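Understanding the architecture of this molecule
One letter stands for each residue in the lines below.
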Amino acid sequence: MAQVKICGLRRPEHVEAAAAAGARYVGFVFFPKSPRAVSAEEAALLAPHVPVGVARVGLFVDPDDETLGSVLAQVPLDIIQLHGSETPDRVAAVKALTGLPVMKSVGLSGPADLPALTDYGLVADMLLVDTKPPKDSDLPGGNGLSFDWRLLVGRQWLRPWMLAGGLTAQNVAEAIRLTGAPAVDVSSGVEVEPGEKDEALIRAFVAAANQ
Ligand SMILES: O=C(O)c1ccccc1N[C@@H]1O[C@H](COP(=O)(O)O)[C@@H](O)[C@H]1O
């Protein structure tokens, strides 16, 4: 049974649906270019809908210290997700600045990308193994694209990790079976259109991940 993170939540009813379905993490996207972006003020209104036992993850893309400080002053977050081109040194600096665990994304398209998981495993608290974004995409994640999961077969890293990238209720069980992922993260796979989550799709995803 894999743990589930539902990312890119923007409405209280979807936060509650994710938690009720059994998600262990909910994600708020602080990246203005995303169709799932929320402001700190909006996230502050969502946070009280997250029950105890469910972690509030703040997703940032190459944030500066001021952005992190401003969001954290308004929103009670449990984990910082860094989904940009942050270096290992920057990951360590964000941990020190915020005092929170940091989950660092690593985009994969082939075997040459795998060593980054070892490098970030030395500093990040968790790893998020995602699909490398297409070169012409405005979004470094949340594109609904999978990578070849066979890249991960038999591999282990220094830190707990999550699998992401193009997961849906239809493919998540197979992705977990193949990779042994202890946790999975989904955004566009539980949406009816970019940025619009759907409660039935959320429930179906969590059920499929728990098969
Ligand atoms: O969801 C977004 O809009 C987003 C924006 C910028 C960086 C990351 C983003 N989402 C993360 O991307 C992966 C995969 O998402 P998907 O399921 O393929 O849509 C996931 O970790 C999200 O947290």
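The rules we used
- Residues numbered from 1 in each chain as written.
- Predicted model: local features only at pLDDT ≥ 70, side-chain atom pairs only at ≥ 80, totals over all residues.
- Near = placed C-beta within 6 Å.
- Helix = DSSP H or I, 4+ residues; strand = E, 2+ residues; numbered from the N terminus.
- Nonpolar A, V, L, I, M, F, W, Y, C, P; charged D, E, K, R; others polar.
- Axes fitted to C-alpha atoms, helices over the stretch in contact; angles between N-to-C directions.
- Left-handed = near helix turned anticlockwise from the far one by under 90°.
- Contact = placed C-beta atoms within 7 Å.
- UniProt positions renumbered as here; feature names shortened; annotations may be inferred.
- Core = buried A, V, L, I, M, F, W, Y, C linked by C-beta atoms within 7 Å.
- Buried ≥ 20, exposed ≤ 12 C-beta atoms within 10 Å, placed from the backbone.
- Pairing = 2+ DSSP bridges.
- Parallel < 35°, antiparallel > 145°, perpendicular 65-115°, else oblique.
- Right-handed = clockwise from strand over helix to strand, strands pointing away.
- pLDDT = per-residue confidence, 0-100.
- Arc of directions from axis to C-beta.

**Concerning the site of the ligand**
Taken together, 27 residues sit near the ligand, with Ser34, Gly141, Gly142, Ala164 and Ser188 positioned nearest. Secondary structure elements with two or more residues in the shell around the ligand: β2 (25-29), β6 (126-131) and β8 (183-186). The residue makeup of the shell around the ligand, split by class, is eleven nonpolar, 13 polar and three charged.

**Focus on the packing of helix α3 (residues 65-74) against helix α4 (residues 88-98)**
Helix-helix packing: each pair is described by the crossing angle between the helix axes and the interaxial distance. The interhelical angle for the contact between α3 and α4, taken along N-to-C directions, is 35°, at an axis separation of 11 Å. Seen from above, α3 lies across α4 with right-handed handedness. Together, Asp65, Leu68 and Leu72 of α3 and Val94, Leu97 and Thr98 of α4 make up the contact between the two elements.

**Details of the UniProt feature "domain: N-(5'phosphoribosyl) anthranilate isomerase (PRAI)" (unreviewed entry) in the chain**
When the UniProt feature table is mapped to this numbering, "domain: N-(5'phosphoribosyl) anthranilate isomerase (PRAI)" (unreviewed entry) covers residues 4-207. For the annotated span residues 4-207, helix accounts for 30% and strand for 22% of the residues, and the straight-line distance between the end C-alpha atoms is 10 Å.

**Overview of the nonpolar core**
One recurring pattern in soluble globular proteins is that nonpolar side chains are buried together. By size, the foremost hydrophobic cluster in this structure holds 62 residues, and its most contacted members are Ile6, Val26, Val129, Met162 and Val184. Top element by residues in this core is helix α7 (residues 199-209). It accounts for five residues.

**Considerations on the sheet that holds strand β3 (residues 55-60)**
Sheet strands line up and pair through hydrogen bonds in the backbone, either parallel or antiparallel. Strand order in this closed barrel of eight strands is β1-β2-β3-β4-β5-β6-β7-β8, and the pairing throughout is parallel. Within the sheet, the average angular offset between the axes of one strand and its neighbour, ignoring direction, is 25°. Sheet topology places β2 next to β3; five bridges connect them, and they run parallel. Looking at the pairing, Tyr25 lines up with Ala55 of β3. Set on the sheet, α7 makes contact with β1 (3-6) and β8; between it and β1 the angle comes to about 155°.

**Examining the packing of helix α6 (residues 172-179) against α7**
One can describe the packing of α6 onto α7 by two numbers: an axis separation of 8 Å at closest approach and a directional angle of 30°. Between α6 and α7, the crossing angle belongs to the class labelled roughly parallel. Crossing handedness for the pair α6 and α7: right-handed. For the pair formed by α6 and α7, the contact residues are Val172, Ala173 and Ile176 on the first element and Phe205, Ala208 and Ala209 on the second.

**Describing the pairing of strand β5 (residues 102-108)**
Across the seven residues of β5, six count as buried, placing the element largely inside the fold. Running through α4, the crossover from strand β4 (residues 79-82) to the neighbouring parallel element β5 is right-handed. Sheet topology places β5 next to β6; six bridges connect them, and they run parallel. The partner of Met103 across the bridge, within β6, is Met126. Assessed by its sense of winding, the connection that carries the chain from β5 through helix α5 (residues 115-121) to β6 is right-handed.

**A word on the confidence of the model for the chain**
Parts of the model with low pLDDT should not have their predicted coordinates read in detail. On average, residues of the chain score 97 in pLDDT, and 100% of them are at 70 or above. Across the interface, the model reports ipTM at 0.98; the global pTM reads 0.97.

**Remarks on α6**
For α6, the complete set of buried residues consists of Val172, Ala175, Ile176 and Thr179. Buried residues in α6, looked at end-on, bunch into an arc of 95°, giving them a common side. Pointing more than 90 degrees away from the buried face of α6 are the exposed residues Glu174 and Arg177. Looking at the buried residues of α6, the elements they touch are β7 (161-164), β8 and α7. At the exit of α6 stands Gly180, carrying a positive phi of roughly 70°.

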